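# Chain and residue survey
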Amino acid sequence: MMTIQDVLSVYAAMADLTEQMVQAATRSDWDALILLEQRCAAHAQALREQETLQPMRGADRERKIELIRQMLNADRQIRDLTMPWMAQLSKLINSTGTERRVVNAYGSV
């Protein structure tokens, strides 16, 4: 089991990773974004497996809440940056699928 300080360290690392993810999304560096997300997911898995069930109090609790807020804010920024790209990718995929169906129905042009 992790100590409270271990847990806070993991949350801090995740907050740092999510900030790096914002920067990667800002640069449209999707490969880096994916790698950073995988690292963040590994931390989340470690928390699920090892976080103590002991409730935090006082300054430790406030620190955890602040780190979670930072991560949620970064997540919102990442979504704002990636949603247009995802919509464009979806249009491209749908366009390719439509093109494929036309070729299958009428042959190549």
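In this text the structure is predicted, and so the values were computed from the model without any measurement. (Residues numbered from 1 in each chain as written. Predicted model: local features only at pLDDT ≥ 70, side-chain atom pairs only at ≥ 80, totals over all residues. Heavy atoms only, no water.)

### Regarding the side chain of Thr82
Mapping Thr82 onto the fold places it in helix H3 (residues 58-106). Thr82 sits in the buried class, given a relative accessible area of 12%. Sequence-distant contacts of Thr82, defined by excluding residues within four places in its chain, comprise Ala25, Trp30 and Leu33. (Helix = DSSP H or I, 4+ residues; strand = E, 2+ residues; numbered from the N terminus. Buried < 20%, exposed > 50% of the residue type's maximum accessible area, 1.4 Å probe, protein only. Contact = heavy atoms within 4.5 Å.)

### Here's the deal with the packing of helix H1 (residues 4-26) against helix H2 (residues 30-50)
H2 packs onto H1 with a crossing angle of 165° between their chain directions and a minimal axis gap of 9 Å. Between H1 and H2, the crossing angle belongs to the class labelled roughly antiparallel. Remark: the crossing between H1 and H2 carries left-handed chirality. Together, Val7, Val10, Tyr11, Ala13, Met14, Leu17, Thr18, Gln20, Met21, Ala24 and Ala25 of H1 and Trp30, Ala32, Leu33, Leu36, Glu37, Arg39, Cys40, His43, Ala44 and Leu47 of H2 make up the contact between the two elements. (Axes fitted to C-alpha atoms, helices over the stretch in contact; angles between N-to-C directions. Parallel < 35°, antiparallel > 145°, perpendicular 65-115°, else oblique. Left-handed = near helix turned anticlockwise from the far one by under 90°.)

### Here we look at the confidence of the model for the protein chain
Parts of the model with low pLDDT should not have their predicted coordinates read in detail. Across the protein chain, the average pLDDT comes to 89, with 92% of residues at or above 70. Ranking the elements of the protein chain by mean pLDDT puts H3 last with 85 and H1 first with 97. (pLDDT = per-residue confidence, 0-100.)

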